[in-house]
Structures are given as C-alpha cells and as structure tokens.
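Chain and residue survey
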Amino acid sequence: MSSFTITLPSGASWTPTFVQSINEEKCIGCGRCFRVCPRGVLELVGLNDEGERMAVDPDGDEEEEYEKKVMTIAHQELCIGCTACSKICPKKCYTHAAAAV
Ligand code: SF4
Ligand code: SF4
C-alpha cells in the first residue's frame, strides 16, 4: 500500500495529508482553523457542564450557555488535505495523515 500523491504542474509530487482528529483537551475554541478551512469541514461546538454539545457560531456573540467551546470535524470527507487548519492552530491540536491507496 502507498500514499495518495499528486503531480503538480511543475512536475513535483505532493502528498496531501487529511485531517484525522482535533485534540479537544488542548483546543481553546478560538475559531482560527474554522476561518481558514476552504471546505466546510469544521464545526465549532459548545460543551455544557453535562458534556452535551451544541452548535456555536464562531463569529456570534450569543449568550454563553456552555462551559467551553471546541472545534470538531463535521465533514471529514470534504477535506482536501491542505493543512491550513493545522498551520494556523496556536495550540497544535491537529493530527493529519496521508491517505492510503
Ligand atoms: S486540511 Fe484544509 S480542507 Fe482539511 S480541514 Fe484543514 S483547512 Fe479544511
Ligand atoms: S485553531 Fe486550534 S485552538 Fe483554535 S479552535 Fe481551531 S483547533 Fe481549537
């Protein structure tokens, strides 16, 4: 088995690495990754003190009904492996991996 790799117009090869997980313990819910993702993969959620999850608008200023905000992967299948989310994350929450073919 090998990794999914593409050939760029320059002739160089590139191996995209796709989002695998976000460390919710480290995430501070800042929303930076959400804003740079071009594919709608990510979703910010609020966690209340009972561990229940609710959708949160990263740019909203609604009353806080939750204890903590964390980023989650809502549509992993849409990821194109650009790693912009990982590069901008100040807490190094992301794990990415190449796809096997
Ligand atoms: S790797 Fe790119 S497409 Fe995938 S979740 Fe991160 S920013 Fe979005
Ligand atoms: S950039 Fe990092 S810390 Fe900020 S919401 Fe995204 S995963 Fe969490």
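Scroll up a little and you will see the structure.
Reading the values: rules and limits
- Residues numbered from 1 in each chain as written.
- Chains lettered and ligands numbered in written order.
- Predicted model: local features only at pLDDT ≥ 70, side-chain atom pairs only at ≥ 80, totals over all residues.
- Heavy atoms only, no water.
- Near = heavy atom within 4 Å.
- Nonpolar A, V, L, I, M, F, W, Y, C, P; charged D, E, K, R; others polar.
- Helix = DSSP H or I, 4+ residues; strand = E, 2+ residues; numbered from the N terminus.
- Contact = heavy atoms within 4.5 Å.
- Core = buried A, V, L, I, M, F, W, Y, C linked by side-chain atoms within 4.5 Å.
- Buried < 20%, exposed > 50% of the residue type's maximum accessible area, 1.4 Å probe, protein only.
- Pairing = 2+ DSSP bridges.
- Axes fitted to C-alpha atoms, helices over the stretch in contact; angles between N-to-C directions.

Overview of the site of ligand 1
- The full set close to ligand 1 counts 13 residues, and Cys37, Cys79, Cys82, Thr83 and Cys85 are the nearest of them.
- Classifying every residue of the shell around ligand 1 by side-chain character gives nine nonpolar, three polar and one charged.

Quick word on the environment of Ala55
- Counting through the fold element by element, Ala55 comes out in strand S5 (residues 53-55).
- Put simply, Ala55 and Lys69 are 14 residues apart on the chain and 9.4 Å apart in space, counted from C-alpha to C-alpha.
- When sequence neighbours within four positions are dropped, the list of residues in contact with Ala55 reads Glu43 and Leu44.

A word on the nonpolar core
- Of all hydrophobic cores here, the largest spans 20 residues; its most connected members are Ile22, Cys33, Val41, Leu42, Met71, Cys93 and Tyr94.
- Looking at this core, the elements with two or more residues in it are strand S3 (17-22), strand S4 (42-47) and strand S6 (68-73).
- For this core, the element with the highest residue contribution is S4, accounting for four residues.
- Beyond its immediate chain neighbours, meaning those up to four positions away, Cys93 contacts Ser21, Ile22, Asn23, Lys26 and Cys27.

Here's the deal with the sheet that holds S6
- With antiparallel pairing, three strands are arranged side by side in an open sheet as S5-S4-S6. Both edges of this open sheet fall to S5 and S6, since each of them pairs with a single strand only. With direction set aside, neighbouring strand axes in the sheet form an average angle of 40 degrees.
- Here three bridges tie S4 to S5, and the two strands are oriented antiparallel to one another. Directly across from Gly46, in S5, lies its bridge partner Met54.

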